[in-house]
Amino acid sequence: MPFQNLTSDTLKDFWQEMIQDNMVTVLSNSRELKVRQPESVSTILKNTEISNYASLTPSTAREVSEKLDANVFVHGSVSQVGKSVRLNAKLVDSETEEVFQSFKVEGPADSILVMADSLSLLVQDYLVVSILEKSVLQDLRFAIGQSRSPEAVRSVIEAQKAFRKRDYQEARSLFHKAIEIDTNYYNAMFLLSVAYGNSGLYDDAKKWILKVDENKDKMARLDRLWAEYTYALYFGTPMECINILRKTLELDDHAAASYYNIGILYNVLDRYDKAVTALEQALDYYNEWGVKPMWVYNYTKLGSAYIELGMYGKARKLYRKAEKDFPGDIALTRSQAVLALREGRAKVANEYIDKYVSLLEERSYSDAARKAAE
């Protein structure tokens, strides 16, 4: 993590050491980050032909990173013009040697300590958020959005977990927490809107998506499209929603979430053939990634389309796979009962119905939760 002094003032060489030490201290306080100490970098550089930090090249940074088993190399500089000082930091990919993010702070020379803290926090937050994003199911990373606050992102990630378990009350609480931390976290707002909608609280859902709609021009293109899709859920038509989702696929044609939502919208329109195509595509991507789907509805919504098309054998096979990924799930049990009834297997259907009722009583589902399980 070397910083070079570009001030041409040898009396201020200590700045680079101070900034370097400050950044190491800040980054080391993040449990997500493993930070190599400056002494390790210096020791390796002494065994190269590099005479000073100013002579560092991307290839040398890569060599040092490989020896330290580091994925990212932080390279910075200090420059001064008059009484104004600028601190720069670049994040270099150790494998590709590419600079993938850069930061700068400027201010008067007598605020160098404050500037060093600010720069260190910028680097820390970016790296931590990047790591947190990688911990999220690949298909849901779009929902993280543009927040650079690790704590806000952590809340959204936990909210997503609650959402997938259909604990919409907990999800709403966590989305609210994220918004309190980052008041401009628009992704958290439109996800909060969905959580309210899935709870049957449509007035609250509309309130939050209207707030997002007022600020959608501040969002990145993909985030804006998802916000527009959520808006269309409450104020548009199914086909408007589908058309917006197809635009998200232009940016990421492997977005299983887009295919899933397109599929359930075609179910609403009774276009079951198109629903099957979209929902099967979503499952194909999860299989390709080697992970189970986001939630059981990836199976039950496809199963419903199969049933409507009379493809009972496919529905049975699908539900057997669903049982492995979501054993004892109440929505799956209900879907299995529906399939058995459509096939005329009354005894089997009654067994599933009894199991379904038992699950409802056992878990004391509220009316809202029962609706969510349908």
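### Looking at the overall build of the protein chain
When you go through the protein chain residue by residue, the secondary structure sums to 17 helices and four strands. A burial count over the protein chain gives 49% of its 374 residues as buried. Put simply, 51% of the contacts in the protein chain that link residues at least 6 apart link residues at least 24 apart. Carbon and sulfur atoms make up 48% of the accessible area of the protein chain, which amounts to about 19,000 Å² in all.

### Overview of the side chain of S149
Within the fold, S149 resides in the loop between α4 (112-134) and α5 (150-164). When neighbours within four sequence positions are excluded, S149 is seen to be in contact with V129 and I181.

### Let's talk about a nonpolar patch on the surface
A surface patch of nonpolar side chains, about 230 Å² in accessible area, is lined by L341, I353 and V357. Checked against the element boundaries, V357 lands in helix α16 (residues 346-363).

### Comments concerning the side chain of R154
You can see R154 is positioned in helix α5. Assessed through its relative accessible area of 16%, R154 is described here as buried. Look past the residues within four positions of R154 in its chain and what remains in contact with it is R31, E32, V128 and L132.

### Examining the nonpolar core
Residues L87, V123, V156, F175, Y185, F190 and V212 are the most contacted members of the largest nonpolar core, which totals 101 residues. Dropping the residues within four chain positions of it, F190 is found in contact with I209, V212, M219, D223, W226, A227 and T230.

### Some details on the pattern of salt bridges
In the structure shown here, the tally under the stated rule is ten salt bridges. The salt bridge involving D213 is made with K216; its shortest N-O contact spans 3.4 Å. Given a relative accessible area of 25%, K216 falls into the partly exposed group. A salt bridge links K321 to D325; the shortest N-O distance between them is 3.8 Å. Pair noted here: K321 and D325 are both in helix α14 (residues 312-325), with a separation of four residues, about one helical turn. The exposure class of D325 is buried, given its relative accessible area of 18%.

### What about the environment of S59?
Looking at where S59 falls in the secondary structure, it is placed in helix α3 (residues 58-68). Here the alpha-carbon distance between S59 and S94, two residues 35 residues apart in the chain, equals 8.8 Å.

### Observations concerning the confidence of the model for the protein chain
Of the residues in the protein chain, 85% have a pLDDT of 70 or more, and the chain-wide mean is 85. Per-element averaging of pLDDT across the protein chain places strand β1 (residues 3-5) at the bottom with 48 and helix α13 (residues 297-308) at the top with 98.

### Overview of the pairing of strand β4 (residues 99-108)
In the sheet, strand β3 (residues 84-93) pairs with β4 via nine bridges, with the strands oriented antiparallel. Across the sheet, residue V85 finds its bridge partner in β4, namely G107. Linking β3 to β4, which pair antiparallel, is a turn of five residues; within it E97 sits at a positive phi near 70°.

### As for the pairing of β3
Remark: a regular strand shows side chains that alternate across the two faces of the sheet. For strand β2 (residues 72-81) and β3, the ladder comprises ten bridges, and the chain directions are antiparallel. Counterpart to G76 in the pairing with β3 is A89. Here β2 folds back onto β3 in antiparallel fashion, the turn holding two residues, of which G82 has a positive phi close to 65°.

### A look at helix α15 (residues 330-342)
Look at α15: 19 Å from first C-alpha to last across 13 residues, which is about the 18 Å you get at 1.5 Å a residue. If you check which residues of α15 are buried, you get I330, A331, L332, T333, S335, Q336, A337, L339 and A340. Tucked into the core, α15 has its buried residues touching α13, α14 and α16. At the N-terminal end of α15, a side-chain oxygen is found 2.8 Å from the backbone nitrogen of A331, two or three residues along, and the residue is D329. Of the residues flanking the end of α15, it is G344, one or two places downstream, whose phi is positive at about 80°.

Reading the values: the criteria
Residues numbered from 1 in each chain as written. Predicted model: local features only at pLDDT ≥ 70, side-chain atom pairs only at ≥ 80, totals over all residues. Heavy atoms only, no water. Helix = DSSP H or I, 4+ residues; strand = E, 2+ residues; numbered from the N terminus. Buried < 20%, exposed > 50% of the residue type's maximum accessible area, 1.4 Å probe, protein only. Contact = heavy atoms within 4.5 Å. Areas by Shrake-Rupley, 256 points an atom, 1.4 Å probe, with all protein chains shown as cover. Patch = residues over 30% accessible without salt bridge, like charges linked within 9 Å, V, L, I, M, F, W, Y side chains within 5 Å. Salt bridge = Lys/Arg side-chain N within 4 Å of Asp/Glu carboxyl O. Core = buried A, V, L, I, M, F, W, Y, C linked by side-chain atoms within 4.5 Å. pLDDT = per-residue confidence, 0-100. Pairing = 2+ DSSP bridges. Expected span 1.5 Å × (residues − 1). Polar contact = N/O pair within 3.5 Å; in protein donor to acceptor, adjacent residues only side chain to side chain.

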